[in-house]
Amino acid sequence: LLYTIKFEAMIGFVTSTELIELTSCIPKIKGRSDLVSSLIDAFQLPEKMDIIDPIRISGLQLTEFHSKDYIEALESYNDETDKELLQKHGLDYDCPPFVRMFETVCAIGGSSIDAAEALALKLYQVVVNWFGGWHHGQPQKAEGFCYLNDCVLAIKYLRNTFDKVMYVDLDLHHGNGVEEAFYHSPHVLTYSVHKFETGFYPGSGEIHSIGDGKGRGYSINIPLRDGASDSTLKRVSAVRREISGCRRNPTFGYTQVLS
């Protein structure tokens, strides 16, 4: 979900039959996008939003964050690809390679870039991309079911228009890939609420991880233990509102939020 602070317009919804089909083929979460799409349709949500038909981005555009050799590994994959090469790029275990893998990555990346573009052009106050949000992806490898990091790509695109961006991550798992990408930047504030227990993936996001160098203070983590309740989340929500209130501070100056 991407949204701006000031713009007044209806909601944009990034979706297409191809995007749903491709993301439903990701091995470890096969069929999930079909289920999500069915739920969205059951609530008749598309009738309340403008449909944005996404484009695929190129391998070159993916290198705005990902390494060239990783993208080449995705693009050149076939049944005869060397297993050591695949393992080097995390294409095993939780991210096994699959048919149309490169197409899927380009489609997901394109969907989030299109969402960011719609916001940058001030076409919408809110843009939803329920098929994005792959926040574990690393520059040189896949990780945690994530074959790319479209969140980072979208933030980088928004930064062409907006000086500062706030990223809000409410997934059960810490958004390690996004935090690491901007850990030294004062232009992107990352805020993550997540489970933090010994042995629980990805093992990052402890409360003292606050950024480094010029980015010190621009990474905020709210790690929760097992047993977090409604009252816990109410207190967390109060913290988030306080942080979000900083957007009104011209010194802080955040005009764009991505979650």
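These numbers were taken from a predicted model, which means no experiment stands behind them.

*Asks:* Quick question: what am I supposed to make of the pattern of salt bridges here?
*Replies:* Side-chain pairing between opposite charges can occur once the charged atoms of the two side chains come close. All chains considered together, the criterion is met by 7 salt bridges. Note that Glu 21 is salt-bridged to Arg 100, the shortest N-O span being 3.1 Å. Here Glu 21, found in helix 1 (residues 17–23), pairs with Arg 100, found in the loop between helix 5 (83–88) and helix 6 (101–120); they are 79 residues apart in sequence, far enough to count as distant. We classify Arg 100 as partly exposed; its relative accessible area is 33%. Between Arg 100 and Glu 103 there is a salt bridge, with its nearest N and O atoms 3.2 Å apart. Here Glu 103 falls in the partly exposed class, since its relative accessible area comes to 26%. Through salt bridges with shared partners, one network takes in Glu 18, Glu 21, Arg 56, Arg 100 and Glu 103.

*Asks:* Is there a simple way to explain the packing of aromatic side chains in this structure?
*Replies:* Aromatic ring pairs are defined here through the distance separating the ring centres and the angle between the ring planes. By the definition in use, this model includes 2 aromatic pairs. When the ring of Phe 13 is compared with that of Trp 130, the centres are 5.3 Å apart and the planes differ by 75 degrees; the resulting orientation is edge-to-face. Here the residue Phe 13 occupies a position in strand 2 (residues 11–14), and Trp 130 occupies one in the loop between strand 4 (126–128) and helix 7 (150–158), the gap between them amounting to 117 residues. Centroid distance Phe 98 to Tyr 147: 5.3 Å. Interplanar angle 80 degrees. Geometry classified as edge-to-face. Within this pair, whereas Phe 98 is found in the loop between helix 5 and helix 6, its partner Tyr 147 is found in the loop between strand 4 and helix 7, the two being separated by 49 residues in sequence.

*Asks:* Looking at this model, I keep getting lost on the packing of helix 4 (residues 68–76) against helix 6. Mind explaining?
*Replies:* For any two helices packed against each other, one specifies the crossing angle of their axes together with the interaxial distance. The interhelical angle for the contact between helix 4 and helix 6, taken along N-to-C directions, is 125 degrees, at an axis separation of 7 Å. Comparing their axes, helix 6 and helix 4 come out oblique. Residue-level contacts link Ile 71, Leu 74 and Glu 75 of helix 4 to Met 101, Phe 102 and Val 105 of helix 6. Across the contact of helix 4 with helix 6, the residue classes tally to 5 nonpolar, no polar and 1 charged.

*Asks:* I keep staring at the side chain of Ser 209 and nothing clicks. Help me out?
*Replies:* Mapped onto the secondary structure, Ser 209 falls in the loop between strand 6 (188–195) and strand 7 (219–224). Leaving out residues up to four positions away in the same chain, Ser 209 has contacts with Glu 179, Tyr 183, Ser 219 and Asn 221.

*Asks:* When you look at the nonpolar core in this model, what are you seeing that I'm missing?
*Replies:* Generally speaking, soluble globular proteins have nonpolar side chains that are buried together. With 43 residues, the main nonpolar core has Leu 62, Leu 74, Leu 91, Val 127 and Tyr 147 as its most contacted residues. Elements with a contribution of two residues or more to this core: helix 4, helix 6, helix 7 and strand 5 (165–169). The element contributing the most residues to this core is helix 6, with 10 residues. Other than its neighbours up to four places away in sequence, Leu 91 contacts Tyr 70, Leu 74, Leu 86, Pro 96, Pro 97, Met 101, Ala 142 and Tyr 147.

*Asks:* Teacher, can you tell me more about the packing of helix 6 against helix 7 here?
*Replies:* Direction vectors running N to C along helix 6 and helix 7 enclose 30 degrees, while the axes themselves pass 9 Å from each other. Comparing the axis directions of helix 6 and helix 7 gives the class roughly parallel. Remark: the crossing between helix 6 and helix 7 carries right-handed chirality. Contacts between helix 6 and helix 7 pair Ile 108, Gly 109, Ser 112, Ile 113, Ala 116, Glu 117, Leu 119 and Ala 120 from the former with Asp 150, Leu 153, Ala 154, Tyr 157 and Leu 158 from the latter. Tallied by class, residues from the contact of helix 6 with helix 7 come to 9 nonpolar, 2 polar and 2 charged.

*Asks:* Explain helix 2 (residues 32–42) here, please?
*Replies:* Residues lying three or four places apart along an α-helix face the same way, a consequence of the helix completing one turn every 3.6 residues. When helix 2 is considered as a whole, its buried residues turn out to be Ser 33, Ser 37 and Ile 40. In an axial view of helix 2, the angular spread of the buried residues amounts to 60 degrees, which keeps them on one side of the axis. Pointing more than 90 degrees away from the buried face of helix 2 are the exposed residues Leu 35 and Ala 42. Packing partners of the buried residues in helix 2 comprise strand 2 and helix 1. Within two residues after helix 2, Gln 44 carries a phi angle of roughly 55 degrees, on the positive side.

*Asks:* It is not clear to me how the pairing of strand 5 should be interpreted in this structure. Could you clarify?
*Replies:* When a strand is regular, its side chains alternate between the sheet's two faces. Counting buried positions along strand 5 yields 5 of 5 residues, so the element is predominantly enclosed. Here strand 5 shows a buried face lined by Val 165, Tyr 167 and Asp 169 and a second buried face lined by Met 166 and Val 168. Where strand 5 lies against strand 6, 5 bridges are found, and the strand directions are parallel. Within strand 6, the position partnered with Val 165 by the bridge is Val 188. Read as a crossover between parallel neighbours, the route from strand 5 over helix 8 (residues 176–181) to strand 6 is right-handed.

Basis of the calculations
- All chains use their own residue numbering, which begins from 1 and follows the written sequence.
- Under the rules for a predicted model, residues below a pLDDT of 70 receive no local features and side-chain atom pairs below 80 are neither given nor counted, while totals for whole chains, interfaces and linings still include all residues.
- Computation of side-chain values: all heavy atoms of the structure, hydrogens and water removed.
- We define a salt bridge as a contact between a side-chain nitrogen of Lys or Arg and a carboxyl oxygen of Asp or Glu at a distance within 4 Å.
- Every helix listed is a DSSP run of H or I at least four residues long, and every strand listed is a run of E at least two residues long, numbered separately from the N terminus.
- Only protein chains enter the accessibility calculation, which uses a 1.4 Å probe; a residue is then buried when its area is under 20% of its type maximum, exposed when over 50%, and partly exposed in between.
- Between rings of Phe, Tyr and Trp, where Trp is taken as its six-membered ring, a pair exists when centres lie within 6.5 Å; planes separated by under 30 degrees are stacked, by over 60 edge-to-face, and by other angles tilted.
- Note on geometry: axes are C-alpha line fits, over the in-contact stretch for helices, and angles between N-to-C directions span 0 to 180 degrees.
- Relative orientations are named as follows: roughly parallel for angles under 35 degrees, roughly antiparallel for angles over 145 degrees, roughly perpendicular for angles from 65 to 115 degrees, and oblique for any other angle.
- In what follows, a contact means two residues having at least one pair of non-hydrogen atoms within 4.5 Å.
- Only Asp, Glu, Lys and Arg are considered charged, only Ala, Val, Leu, Ile, Met, Phe, Trp, Tyr, Cys and Pro nonpolar, and every remaining residue, Gly among them, polar.
- The definition of a nonpolar core used throughout is a set of buried Ala, Val, Leu, Ile, Met, Phe, Trp, Tyr and Cys residues joined through side-chain atoms within 4.5 Å.
- By the definition used in this description, the sense in which the near helix is turned from the far one sets the handedness, with an anticlockwise turn below a right angle giving left-handed and a clockwise turn giving right-handed.
- It is the directions from the helix axis to the C-beta atoms that the arc portrays.
- Two strands are counted as paired when DSSP detects at least two bridges linking them.
- If you view a crossover with the strands going away from you and the path from the first strand over the helix to the second runs clockwise, you call it right-handed.

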